[in-house]
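Chain and residue survey
Listed below, chain by chain, are the residues.
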Amino acid sequence: GAGVSQSPSNKVTEKGKDVELRCDPISGHTALYWYRQSLGQGLEFLIYFQGNSAPDKSGLPSDRFSAERTGGSVSTLTIQRTQQEDSAVYLCASSPRQVAYGYTFGSGTRLTVV
Amino acid sequence: GENVEQHPSTLSVQEGDSAVIKCTYSDSASNYFPWYKQELGKGPQLIIDIRSNVGEKKDQRIAVTLNKTAKHFSLHITETQPEDSAVYFCAAFLYSSASKIIFGSGTRLSIRP
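In short, a report on the structure. In this text, all values refer to a predicted model and were calculated from it rather than measured experimentally.

1. Observations regarding the layout of surface pockets
Estimates place the volume of the largest pocket at around 690 Å³. Contributing to the lining of the largest pocket are 32 residues, with Q37 and R110 of chain A together with Q38, L40 and R108 of chain B lying nearest its centre. The set of elements that each furnish at least two residues to the lining of the largest pocket consists of strand 8 (88-95) and strand 10 (109-113) of chain A together with strand 9 (86-92) and strand 11 (107-112) of chain B. Sort the elements by how many residues they give to the lining of the largest pocket and strand 10 of chain A lands first, with 4 residues.

Here it is in structure tokens:
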């Protein structure tokens, strides 16, 4: 596609439920990143995928968070047993090469845990 | 690892005046410094970047300066317009490594009419 696509754009879930957030990167981009942005805050790194290499999971805040990337393209971020502090905008970005030159971000998924 | 500090957190300027946002970084090996603009309800968009082999780069009303010795870089917006109102993020990165960009905490810029 023309840009990074994220779905859903908005998600409201009850505390304790699991949620899945989807990211479709730009075709041909080998690197994919997930960031979290809490209200009025900066961009918190979560996880990074590069080709077939093992992902960099160093930013995942707890074992309730996981992500996968199938076929080097679409990625899914899963949050299990959601908590109110998980409420945030989850942003996905992709870049065309191994290095982060020219990140392109999606519009994000706004997650609200009630 | 890299740490990026950004100031100020909020900035209000009169339309037509200039705005300056400053960032410092901790890893002297960093060699790529992008700036992103985030409008309400949208993801951040790259507006300008600079590599460590140059000290300044301009693109119309936007310029970025880099001082490698002091490990700080700045975004300058001249002749500000209402559409410049947004949140701006600086970032630092080691270009040659397979890693992620570390962002500053953001500056909310408001342009007063």
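2. A short note on the side chain of Q6 of chain B
Residue and element names in this part refer to chain B. Considering the arrangement of structural elements, one finds Q6 in strand 1 (residues 4-7). Given a relative accessible area of 4%, Q6 falls into the buried group. Of the polar contacts made by the side chain of Q6, one reaches the backbone nitrogen of C90; its length is 3.3 Å. If we skip the residues at most four places from it in the chain, Q6 touches I21, K22, C23, W35, Y88, F89, C90, G104, S105, G106 and T107.

3. Remarks on the packing of aromatic side chains
Following the criterion strictly, the structure yields 17 aromatic pairs over all chains and no others. An angle of 90° between the planes, with centres 5.7 Å apart, marks the rings of F105 of chain A and Y36 of chain B as edge-to-face. Placement of the pair is F105 of chain A in strand 9 (residues 104-105) and Y36 of chain B in strand 4 (residues 32-38), with the two residues belonging to separate chains. In terms of burial, F105 of chain A and Y36 of chain B fall into one category: buried. With a centroid separation of 5.6 Å and an interplanar angle of 70°, the aromatic rings of W35 of chain B and F73 of chain B are classed as edge-to-face. On the criterion of sequence distance, the pair formed by W35 of chain B in strand 4 and F73 of chain B in strand 8 (residues 72-77) is long-range, its members being 38 residues apart. Relative accessible area serves as the criterion here: at 0%, F73 of chain B is assigned to the buried category. Through pairs of rings, three or more aromatic residues link up here, namely Y33, Y35, F45, Y48, Y103 and F105 of chain A together with Y36, F89 and F103 of chain B.

4. Notes on the interface of chain B and chain A
Listed per partner, the contact involves 22 residues of chain B and 21 residues of chain A. Roughly 1,600 Å² is buried in total at the junction of chain B and chain A, and carbon and sulfur atoms are behind 61% of that figure. Inspection of the chain B/chain A interface yields 3 residue pairs in polar contact (both at pLDDT 80 or more). Elements with a contribution of two residues or more to the side of chain B that touches chain A: strand 4 and strand 5 (45-51) of chain B. Residues that form the side of chain B that touches chain A fall into these classes: 10 nonpolar, 8 polar and 4 charged.

What counts as what
Residues numbered from 1 in each chain as written. Chains lettered and ligands numbered in written order. Predicted model: local features only at pLDDT ≥ 70, side-chain atom pairs only at ≥ 80, totals over all residues. Heavy atoms only, no water. 1 Å grid on protein atoms, 1.4 Å probe; cavity = no way out; pocket = protein on both sides within 12 Å on 5 of 7 lines; lining within 4 Å. Points joined across faces, edges and corners; volume = space filled by probe spheres on them. Helix = DSSP H or I, 4+ residues; strand = E, 2+ residues; numbered from the N terminus. Buried < 20%, exposed > 50% of the residue type's maximum accessible area, 1.4 Å probe, protein only. Polar contact = N/O pair within 3.5 Å; in protein donor to acceptor, adjacent residues only side chain to side chain. Contact = heavy atoms within 4.5 Å. Phe/Tyr/Trp six-rings, centres within 6.5 Å; stacked < 30°, edge-to-face > 60°. Buried area = accessible area lost by both parts, 1.4 Å probe. Nonpolar A, V, L, I, M, F, W, Y, C, P; charged D, E, K, R; others polar.

These results come straight from atomic positions and should not be treated as a statement about function.
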